[in-house]
2 protein chains.
Amino acid sequence: MGPGKHYNTVTYPVPYDKAFIDSIMSTHKDVMRKSTQSFVEKVKKRFAQIQKITGLIHTTAETLLFNASLISHLAQQNFDAVLTDPMVPTGSLIARKLGLPTVNLLRGIPCSLDMKAAGCPSPPSFVPRFFTGYTDKMNFKQRAFNTLIALLEPLMCRLLYWHFDHLAYQFLGEEVGIAEVLSDSAIWLLRSDFALEFPRPLMPNIILVGGINCNVRNPLPEDLESWVSGEHGFVVFTLGTMISDMPEEITAIFLEAFRQIPQKVIWRYTGSITGGVPENVKIMKWVPQNDLLAHPGARAFITHAGSHGLFEGICHAVPMLMVPISGDQPDNAQRLASKGAGVVLDILSITTESLLKGLNDIIKDPRYKENMLRLSSLHKDRPVEPLDLSVHWTEFVMRHKGAKHLKAAVHDLNWFQYYCLDVIVLLATVVLVFVMLTVKCLKLCFSRLSRKRKQD
Amino acid sequence: MGPGKHYNTVTYPVPYDKAFIDSIMSTHKDVMRKSTQSFVEKVKKRFAQIQKITGLIHTTAETLLFNASLISHLAQQNFDAVLTDPMVPTGSLIARKLGLPTVNLLRGIPCSLDMKAAGCPSPPSFVPRFFTGYTDKMNFKQRAFNTLIALLEPLMCRLLYWHFDHLAYQFLGEEVGIAEVLSDSAIWLLRSDFALEFPRPLMPNIILVGGINCNVRNPLPEDLESWVSGEHGFVVFTLGTMISDMPEEITAIFLEAFRQIPQKVIWRYTGSITGGVPENVKIMKWVPQNDLLAHPGARAFITHAGSHGLFEGICHAVPMLMVPISGDQPDNAQRLASKGAGVVLDILSITTESLLKGLNDIIKDPRYKENMLRLSSLHKDRPVEPLDLSVHWTEFVMRHKGAKHLKAAVHDLNWFQYYCLDVIVLLATVVLVFVMLTVKCLKLCFSRLSRKRKQD
């Protein structure tokens with residue numbers, strides 16, 4: 001990302017090189033490998049991978065925050081606002097340091113720290129939690145598990161952000177945690193949409209901008225246009241930039257399935273391939289994904305169900321075959337599948353047969369296309385485009401130096417007060433005392449009455 | 001309301017006449033009268049007034065719902081949607097009978113039935129209830145009272161709607177109450193705005209359109225324009241259409257105060273006036289309120305703080321002197337006053353002095369105008385005009401035959417499940433059993449250990 005017409009880029013040194021990042025990226029390949037490793041070994045590997053990634057994030061944040069000349073350079077720019085993704089709260093810390101209002105642009109934070117910081121209720125009875133794969137209609141067992149996760153969320157947030165909590169103290173010199181820093185945010189631009197997500201309460205400073213990335217459509221380059229044209233249409237296949245390389249046995253499964261379908265396949269892939277590539281498959285290092293999906297010839301989209309690709313697919317109404325890998329992807333895939341607009345396959349147990357069946361289903365069964373068209377029409381029928389909405393609220397924050405009138409008055413309340421448990425204890429006591437006094441009075445009356453009768 | 005270019009009006013007979021309605025309206029005058037009546041008499045009168053009004057509403061609803069030819073006429077029109085105010089749920093009942101999706105346009109329902117029907121959480125810890133006059137920052141006593149009201153709301157709803165619950169059964173022939181009928185609503189267009197209201201959670205099918213009425217501005221009629229012009233500007237004085245007549249002692253107080261200010265006063269009033277009217281006061285049976293407030297000469301707005309007038313005043317940034325009478329007006333007035341954009345006076349204890357002081361404060365103290373300008377700029381800085389937003393969502397419901405994807409999955413849950421009390425009981429039991437077992441185990445171990453030692 002070099003300097004552009006409307007923005008400047010500042011580069012700062014970090015104590016690692018590109019080879020280190022590549023080595024982290026390549027660990028995705030190991031996770032996908034069908035191996036004879038034991039469960040413990042797998043968990044160990046996964047844990048090592050997570051540790052490497054979080055280490056990278058922390059190092060990047062530290063070298064930025066404690067780069068005094070960089071921070072003073074930023075301070076001198078007299079910015080009006082900070083636009084940041086608070087999942088990695090480096091930008092939020094800088095905003096607090098410089099006393100600037102913050103606009104958050106994010107997909108969400110797994111431990112619901114975003115909702116907590118915005119003071120937004122998320123009743124576990126109908127708001128399914130991350131990673132559960134539940135819908136908004138849960139049976140008792142699901143609701144119990146969902147509630148348990150909701151109760152454990154504060155602990156998960158602590159684990160996820162303990163290093164940043166520590167950084168906050170060091171960098172800001174005040175006793176604040178990340179939760180408190182984030183609760184200062186003026187506006188939350190959430191890359192979410194109710195065409196995909198289940199209805200849930202939101203606070204007035206949470207603005208949904210899911211689908212912000214599917215506005216621009218350009219014609220395809222001439223060679224690609226002539227290649228994709230044909231009566232059977234084509235399949236778009238991308239697994240995002242995180243998956244640069246896949247194990248051989250998996251690429252072989254995909255190639256074998258593609259060999260048996262009449263559609264052409266455009267596959268974004270940077271890894272190595274052994275064996276022949278079928279004639280109907282074109283492998284490219286980069287593809288104009290949005291323009292391809294917008295093309296009338298697109299019949300299916302094989303995707304890892306990352307939110308960007310998902311919204312592009314919904315935007316252009318292309319049924320999906322989803323192979324979620326990590327993060328929010330399994331939940332995304334589950335949601336789209338529950339609406340009948342796609343099929344989910346597990347990358348670890350995928351076979352040529354299951355892949356072929358999935359592809360044929362979504363291409364030949366008209367219900368997938370119909371459901372996707374309905375979803376797409378709901379998603380795109382909106383009073384303002386998500387990009388315009390994002391611009392409006394960002395400029396709003398700049399014009400009014402924040403958006404204090406939209407911030408809920410929940411941050412002075414502790415959780416006991418928030419749920420009015422103190423009041424309920426008081427009311428219950430009053431009712432109890434009243435009942436006890438009534439019973440005592442009645443007893444007294446009865447005993448006097450019976451004594452009187454005996455005397456009579 | 002006669003037939004227009006874009007709508008038809010249907011008239012149906014009711015078993016009362018205009019004189020009956022006038023007699024109900026005139027009871028407002030009695031309520032305002034400074035009398036020597038006892039408290040019990042006052043309450044009796046107020047209760048009789050409420051009974052008269054609800055009787056009128058019920059009679060109107062019944063004569064419409066059980067007018068078979070009217071209902072079959074409506075059914076034949078093949079409407080796409082019903083637009084109604086569910087405060088009086090006649091329209092909602094017809095929508096359910098005809099199987100049509102409903103768009104609600106409303107200010108709110110006092111017992112929070114609107115929020116309940118939409119499945120919207122309203123935590124009493126920071127969402128002040130109707131009629132309390134509280135803000136979103138409450139002390140313990142206020143929070144306790146607010147929670148008590150929240151707990152009593154279902155009872156209040158029963159009292160308010162018991163007659164309509166009965167009507168629903170008679171008209172629809174099914175065992176449904178009004179709460180269930182309203183929970184079917186597709187979209188809730190709420191005449192509310194966070195420039196005035198305190199931040200609170202909302203559901204995705206609740207759309208805020210407060211200020212929908214202040215779009216159109218026309219120049220004043222020539223005679224009025226020349227009359228209001230002058231270096232001191234003018235005051236707009238209206239108490240809404242409900243207050244047609246006021247007691248003499250109160251009109252005298254207003255006239256005496258107006259005599260002592262340099263501003264001109266335009267007073268919308270249909271009642272009688274004894275004694276002279278000062279030269280700077282013009283009494284009119286109807287005023288172009290919105291156009292007057294939009295005029296640069298408007299210095300102050302004396303209003304009963306009804307939501308329509310309030311939003312027009314905020315729209316045109318005119319500081320207000322508010323004399324709330326009933327309904328949501330005291331809460332509205334309290335909210336605007338808490339933001340420093342107006343002054344509240346009690347109509348029953350009003351004096352020439354208090355009125356003069358209030359008027360002079362809001363006209364001469366620049367802080368009121370500044371606060372009002374700030375409020376107005378927040379209110380008007382929006383991505384879509386409320387009228388366009390209302391049109392969009394109404395047409396959305398017509399295009400998609402409802403908005404099911406925005407409806408929360410709370411209506412299959414009873415309150416015990418909604419608050420996950422069943423899950424909490426289960427989890428608490430599990431924890432309790434675990435603790436008890438642990439204690440028992442430890443006891444057993446200790447006793448064996450001590451026995452062994454003794455044996456040693």
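Residues numbered from 1 in each chain as written. Chains lettered and ligands numbered in written order. Predicted model: local features only at pLDDT ≥ 70, side-chain atom pairs only at ≥ 80, totals over all residues. Heavy atoms only, no water.

1. Some points on the domain arrangement of chain A
At step 1: As far as domains go, chain A holds domain 1 (11-77), domain 2 (79-212 + 385-412), domain 3 (222-380) and domain 4 (415-455).
At step 2: Relative to domain 4 of chain A, the C-alpha centre of domain 3 of chain A lies at a distance of 68 Å. (Domains from an automatic or database assignment.)

2. Here's the deal with the packing of helix 1 (residues 18-25) of chain B against helix 3 (residues 39-65) of chain B
Residues and elements named next belong to chain B.
At step 1: Between helix 1 and helix 3, the shortest axis-to-axis distance is 10 Å and the interhelical angle comes to 145 degrees. Read as a crossing pair, helix 1 and helix 3 show a hand that is left-handed. Here F20, I21, S23 and I24 of helix 1 lie close against helix 3, whose contacting residues are K52, I53 and L56. (Axes fitted to C-alpha atoms, helices over the stretch in contact; angles between N-to-C directions. Helix = DSSP H or I, 4+ residues; strand = E, 2+ residues; numbered from the N terminus. Left-handed = near helix turned anticlockwise from the far one by under 90°. Contact = heavy atoms within 4.5 Å.)

3. Quick notes on the relation of the copies chain B and chain A
One chain copy maps onto the other through a rotation about an axis and a shift parallel to that axis.
At step 1: Note on the identical chains: chain B maps onto chain A by a rotation of 180 degrees and an axial translation of 0.0 Å, with an RMSD of 0.1 Å. What the superposition gives is, in effect, a two-fold axis relating one chain to the other.
At step 2: A high fraction, 100%, of the interface residues of chain B reappear at the interface in chain A, so the copies pair face to face through one surface. (Least-squares fit on C-alpha atoms with pLDDT ≥ 70 in both.)

4. With respect to the pattern of salt bridges
At step 1: This structure, assessed with the given rule, holds 32 salt bridges over all chains.
At step 2: B:D422 serves as the salt-bridge partner of A:R143, at 2.7 Å between the closest nitrogen and oxygen. In this pair, A:R143 is assigned in helix 7 (residues 140-172) and B:D422 in helix 18 (residues 421-455), connecting two distinct chains. One exposure class covers both A:R143 and B:D422, and it is buried.
At step 3: A salt bridge links A:E197 to A:R335; the nearest nitrogen and oxygen atoms lie 2.5 Å apart. In this pair, A:E197 is assigned in the loop between strand 3 (187-190) and strand 4 (206-208) and A:R335 in helix 13 (residues 329-338), connecting sequence segments 138 residues apart.
At step 4: Residue A:E197 is classed as buried on the basis of its relative accessible area, which comes to 12%.
At step 5: Classification of A:R335 as buried rests on a relative accessible area of 9%.
At step 6: By sharing partners, the salt bridges in this structure join A:R96, A:E174, A:D184 and A:K407 into a single network. (Salt bridge = Lys/Arg side-chain N within 4 Å of Asp/Glu carboxyl O. Buried < 20%, exposed > 50% of the residue type's maximum accessible area, 1.4 Å probe, protein only.)

5. Overview of the UniProt feature "transmembrane region" (unreviewed entry) in chain A
At step 1: Sites flagged by UniProt as "transmembrane region" (unreviewed entry) map to residues 423-446 of chain A.
At step 2: A helix fraction of 100% and a strand fraction of 0% characterise residues 423-446 of chain A, whose end C-alpha atoms lie 34 Å from each other. (UniProt positions renumbered as here; feature names shortened; annotations may be inferred.)

6. Remarks on helix 7 (residues 140-172) of chain B
Residues and elements named next belong to chain B.
At step 1: Helix length check: helix 7 (33 residues) gives 45 Å between terminal C-alpha atoms against 48 Å at 1.5 Å per residue, within 8%.
At step 2: Along its length, helix 7 reaches its greatest deviation from straightness, about 65 degrees, at Y161.
At step 3: The distance from a side-chain oxygen at the start of helix 7 to the backbone nitrogen of K141 is 3.2 Å, and the residue carrying that oxygen is N139.
At step 4: Two residues or fewer after helix 7 comes G173, characterised by a positive phi angle close to 70 degrees. (Expected span 1.5 Å × (residues − 1). Bend = angle between axes of the 7 residues up to and from the residue. Polar contact = N/O pair within 3.5 Å; in protein donor to acceptor, adjacent residues only side chain to side chain.)

7. Focus on the packing of aromatic side chains
At step 1: Per the counting criterion, the structure on display carries 30 aromatic pairs over all chains.
At step 2: Arranged with centres 4.9 Å apart and planes meeting at 80 degrees, the rings of A:Y418 and A:Y419 form a pair that is edge-to-face.
At step 3: For A:Y419, a relative accessible area of 52% gives the class exposed.
At step 4: Taken together, A:F237, A:F254, A:F258, A:W267 and A:Y269 form an aromatic cluster joined through their ring pairs.
At step 5: Just above the ring of B:F171 sits the side chain of B:K97; from NZ or CZ to the centre is 4.8 Å.
At step 6: Across from the ring centre of B:W227, 5.4 Å away, lies the NZ or CZ of B:K264, which sits over that ring. (Phe/Tyr/Trp six-rings, centres within 6.5 Å; stacked < 30°, edge-to-face > 60°. Lys NZ or Arg CZ within 6 Å of the ring centre and 35° of its normal.)

8. With respect to the side chain of B:N332
At step 1: Tracing the backbone shows B:N332 in helix 13 (residues 329-338).
At step 2: Excluding anything up to four places from it in sequence, B:N332 contacts B:R107, B:L196, B:A305, B:G306, B:S307 and B:L310.

9. Some details on unusual backbone geometry
At step 1: The backbone of A:A305 sits at a positive phi, close to 65 degrees, despite the residue not being glycine.
At step 2: Residue position: A:A305 is located in the loop between strand 8 (298-303) and helix 12 (307-315).
At step 3: Within the chain, B:S112 stands out as a residue other than glycine whose phi angle is a positive 65 degrees.
At step 4: By the element assignment, B:S112 lies in the loop between strand 2 (102-106) and helix 6 (113-118).
At step 5: For B:S112, a relative accessible area of 14% translates into the label buried.

10. Digging into the environment of A:P262
Residue and element names in this part refer to chain A.
At step 1: Among the secondary structure elements, P262 is positioned in the loop between helix 10 (248-259) and strand 6 (264-268).
At step 2: On the basis of relative accessible area, P262 is assigned to the partly exposed category, the value being 47%.
At step 3: Distance in space between the C-alpha atoms of P262 and G297 is 13 Å, their sequence separation being 35 residues.

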